[in-house]
Each structure stands twice: as structure tokens, then as C-alpha cells.
Amino acid sequence: MATDLATDLAPVLAVSNLSAGYGAAKILHGIDFTVARGEMLVVIGRNGVGKTTLIETICGLTTLQGGTITFNGQRIEKLPPFRRNRLGIGWVPQEREVFASLTVAENLGIVYRGGPWTTEALYGLFPRLAERRRSYARLLSGGEQQMLVIARALATDPTLLLLDEPVEGLAPLIVQEMIAAINRMRRESALTIIMVEQKHDIALANSDRCIVIDHGAVVHAAVSAELLADAALLERLIGVAE
Ligand SMILES: Nc1ncnc2c1ncn2[C@@H]1O[C@H](COP(=O)(O)OP(=O)(O)OP(=O)(O)O)[C@@H](O)[C@H]1O
Ligand SMILES: [Mg+2]
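For clarity, every value in this text was computed on a predicted model and none was experimentally measured.

Calculation rules
- Residues numbered from 1 in each chain as written.
- Chains lettered and ligands numbered in written order.
- Predicted model: local features only at pLDDT ≥ 70, side-chain atom pairs only at ≥ 80, totals over all residues.
- Heavy atoms only, no water.
- Donors = N, O, S within 2.8 Å, 3.2 Å for Na, K, Ca; no water.
- Helix = DSSP H or I, 4+ residues; strand = E, 2+ residues; numbered from the N terminus.
- Buried < 20%, exposed > 50% of the residue type's maximum accessible area, 1.4 Å probe, protein only.
- Phe/Tyr/Trp six-rings, centres within 6.5 Å; stacked < 30°, edge-to-face > 60°.
- Lys NZ or Arg CZ within 6 Å of the ring centre and 35° of its normal.
- Pairing = 2+ DSSP bridges.
- Contact = heavy atoms within 4.5 Å.
- Axes fitted to C-alpha atoms, helices over the stretch in contact; angles between N-to-C directions.
- Core = buried A, V, L, I, M, F, W, Y, C linked by side-chain atoms within 4.5 Å.
- Near = heavy atom within 4 Å.
- Polar contact = N/O pair within 3.5 Å; in protein donor to acceptor, adjacent residues only side chain to side chain.
- Areas by Shrake-Rupley, 256 points an atom, 1.4 Å probe, with all protein chains shown as cover.
- Nonpolar A, V, L, I, M, F, W, Y, C, P; charged D, E, K, R; others polar.
- 1 Å grid on protein atoms, 1.4 Å probe; cavity = no way out; pocket = protein on both sides within 12 Å on 5 of 7 lines; lining within 4 Å.
- Points joined across faces, edges and corners; volume = space filled by probe spheres on them.
- Salt bridge = Lys/Arg side-chain N within 4 Å of Asp/Glu carboxyl O.
- Parallel < 35°, antiparallel > 145°, perpendicular 65-115°, else oblique.
- Left-handed = near helix turned anticlockwise from the far one by under 90°.

Novice: Looking at this structure, how should I read the coordination of the magnesium ion (ligand 2)?
Specialist: Under ideal tetrahedral coordination, the four donors around a metal are separated by 109.5 degrees; under ideal octahedral coordination, the six donors are separated by 90 or 180 degrees. Those protein atoms acting as donors to the magnesium ion (ligand 2) are Thr52 (OG1) and Gln94 (OE1), and they sit at 2.0 to 2.3 Å. Placement of Thr52 in helix H2 (residues 51-59) and of Gln94 in the loop between strand S6 (89-92) and helix H4 (104-109) is noted, with a sequence separation of 42 residues between them. By relative accessible area, Gln94 is classed as partly exposed at 25%.

What follows is the structure, encoded as C-alpha cells:
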């Protein structure tokens, strides 16, 4: 069971009593969670509760106000963003920023750092990118651009991938393709994933564990399938009723 997995293995990432924000603004208050190797943790919660701030704090892009972040046994909360990235933390931000004036192939080749995710392997994961390999990134659809930023993050050979709302605003068919690709990338490597997602049903159905954020704090932590099955609790936590 996923919960046993989480406790049996040494965590890839352990966040402890983490508080952070932007300058003097305090957004996150005493966040605690761990993620085990190969696990997928989803972060859900209403708009503006601090999900992106949490991801950016793991990357080192906010103001740390307290607590620790341990990655593969090493304290990283004081390291600059590029050092965390070099240690194996990949990040796909909420805004999809491709290198607009480069082709798909150039976007991928320019960041490749060795490891399993060669451009050809990435084309296997995202056949649409293979079809469009010679297109300028600015000419891709929103879904294709999102595939490209995820592929580009993989090309940097991360062991922990942070995905911030990867299917936001995408057509249902593209959402399915994206989720299938995320599941496949997990199967084909030992990748650990933290995914922020507003579409809680898709997020919970495709992950091992979840944390729910409200007002910058973790208000619930659970096995994803258990929270998905508890409509009343979900409603109370994130108000899913229309
Ligand atoms: N650069 C910033 N400077 C100051 N405050 C910020 C900054 N970015 C976000 N905030 C504030 O931090 C709070 C949390 O924002 P955050 O973007 O983390 O929420 P979120 O849960 O990701 O929301 P969404 O679901 O809309 O993406 C909000 O009140 C927001 O206004
Ligand atoms: Mg956000």
C-alpha cells in the first residue's frame, strides 16, 4: 500500500515545519510532508491558498521564514535555485514558458544533461512532439507547449519533478494524453513527482498520496484513493460541489 511505501523507504524529500512567503508576506505556515522514491504526491486546494508558493519554496524562489527541506538526506533550504536544480529537482512552472524562437528539437537538445531522457526517448513519451520536432515552439498549441516544457524538464534528468497544474486549461483529450504520459514516465524511471492540480478527481485517481492546503497550511494528508472515495470530506476540504 502507498502509505506503507511512504514510511518504509527513506524519503526523497522531507519538508518540516516550513514557513515561507514573499518578502515580509507570510504565505506558508508550518508545512510538513514527505515523499518517498517513485511516489507521486498531489497538492490540492482552492485558488490562492499557497500551492504554487510551496512548489516555488522547494525550488528556492521565495523567502524562507523557517523550517527545513531535506532532499536525499541533504538540507537544501538555504541553497540557491540552480544548486537545487543540479541536485536533481526539476520544475515545470504554472506559466508554460517554452523557448519560443527555437524549434521543438532545439528546446530539448539545449538542456539535455545526460540520463535516460534523450530527445528520442522524449518523442516516445510525447508522439505529438515528434511530429512537430521542426516547428518553432511559439507555433505549438497550448497542449503541445505544455508537453514540451515537461519534456524539457525531463531532459535535465531530475529525480524529483515538480509539476504546477500541468493540465490547467487543456482540452479533455489532451488532459488524458498528458496524464498517460505522466504515468508512463513514472513507470519507465524511478522519478518522484509532486503535482499541484486543481482537477482533484484526475489528480487523486492518478497519484499515491495527497496533501490538501488551505490558508498556507496542510489541513489534510491522505492516501489519494481514500480521499477520492470520501465525497463528503472532499466537499468540506475543497468545496467541490458546484
Ligand atoms: N510574487 C508574489 N508576491 C507576493 N505575494 C504573492 C506572490 N505570488 C503569490 N502571492 C500571494 O500568495 C498567496 C498564495 O498564492 P499561490 O500562487 O501560491 O496560490 P495557489 O494556491 O498556487 O493559487 P492558484 O490555484 O490560483 O494557482 C496569494 O495570496 C497570492 O496573492
Ligand atoms: Mg498556483
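Novice: So what exactly am I meant to see when it comes to the packing of aromatic side chains here?
Specialist: In this description, an aromatic ring pair is defined by two values, namely the gap between the centres and the angle between the planes. Tallied over the entire structure, the rule returns 0 aromatic pairs. Between the NZ or CZ atom of Arg138 and the centre of the ring of Tyr136, over which it lies, the distance is 4.9 Å.

Novice: Mind showing me how you'd approach the sheet that holds strand S2 (residues 25-36) here?
Specialist: Through backbone hydrogen bonds, the strands of a sheet pair up, either in parallel or in antiparallel fashion. Strands sit in the order S2-S1-S4-S5 across an open sheet of 4 strands; the sheet is antiparallel. Edge positions in the sheet fall to S2 and strand S5 (74-75), since each of these pairs with one other strand and no more. Here strand S1 (residues 11-22) runs beside strand S4 (residues 63-71); their pairing, made up of 7 bridges, is antiparallel. The partner of Leu13 across the bridge, within S4, is Phe71. Across the sheet, H2 is in contact with S1, S2 and S4; its angle to S2 comes to roughly 70°.

Novice: Whenever I open this one, the pairing of strand S10 (residues 217-223) confuses me. Can you help?
Specialist: The side chains of a regular strand alternate between the sheet's two faces. As defined by bridge partners, strand S9 (residues 209-214) adjoins S10 across 6 bridges and the pair is classed as antiparallel. Along S10, the bridge assignment pairs Val212 with His220. Hairpin connection, S9 to S10: the antiparallel pair is bridged by 2 residues, and His215 has positive phi, about 45°.

Novice: Would you take a moment to explain the nonpolar core for this structure?
Specialist: One broad rule of soluble globular proteins: the nonpolar side chains tend to lie buried together. Counting 50 residues, the largest nonpolar core has Phe126, Leu161, Met185, Ile193 and Leu227 as its most contacted members. With residues near it in sequence (within four places) discarded, Ile193 still touches Val35, Glu39, Met40, Leu41, Leu160, Leu161, Leu163, Ile182, Met185 and Arg186.

Novice: Mind showing me how you'd approach the site of ligand 1 here?
Specialist: Among the 13 residues in the neighbourhood of ligand 1, the closest are listed as Gly48, Lys51, Thr52, Thr53 and Gln198. Within the side chain of Asn47, an N or O atom sits 3.1 Å from an oxygen atom of ligand 1. Within the side chain of Thr53, an N or O atom sits 2.5 Å from an oxygen atom of ligand 1. Considering ligand 1 on its own, with 640 Å² of exposed area, one finds that the protein chains cover 58% of that surface. Examining the composition of the shell around ligand 1, we find that 3 residues originate from one element, H2, more than from any other. Here the residues of the shell around ligand 1 sort into 3 nonpolar, 7 polar and 3 charged.

Novice: Explain the layout of surface pockets to me, please; I cannot follow it from the model alone.
Specialist: Where empty space is left in the structure can be found by rolling a water-sized probe over the atoms. In this structure, the largest pocket occupies an estimated 480 Å³ of space. The set of elements that each furnish at least two residues to the lining of the largest pocket consists of helix H3 (81-87), S6 and helix H7 (142-155). Residue classes in the lining of the largest pocket are distributed as 11 nonpolar, 3 polar and 5 charged.

Novice: Teacher, can you tell me more about the pattern of salt bridges here?
Specialist: Charged atoms that come close allow side chains of opposite charge to pair. Under the criterion given, the structure shown has 8 salt bridges. The partner of Glu77 in a salt bridge is Arg75, and the shortest N-O contact between them spans 2.7 Å. Residue Arg133 pairs with Glu120 through a salt bridge whose shortest N-O separation is 3.5 Å. Of this pair, Arg133 sits in the loop between helix H6 (127-131) and H7 while Glu120 is found in helix H5 (residues 119-125), placing the two residues 13 residues apart along the sequence. Look at Glu120 and you get exposed, because its relative accessible area is 52%.

Novice: For this particular structure, what's the right way to read the packing of H7 against helix H8 (residues 172-188)?
Specialist: For any two helices packed against each other, the geometry is given by the interaxial angle and the distance between the axes. At their nearest, the axes of H7 and H8 sit 10 Å apart, and the two run at 10° to each other. Judged by the angle between their axes, H7 and H8 are roughly parallel. The chirality of how H7 crosses H8 is right-handed. Contacts from Gly143, Gln146, Met147, Ile150 and Leu154 of H7 reach H8 at Ile174, Glu177, Met178 and Met185. Among the residues forming the contact of H7 with H8, the class breakdown is 6 nonpolar, 2 polar and 1 charged.

Keep in mind that these numbers describe shape and distance, not what the molecule does.
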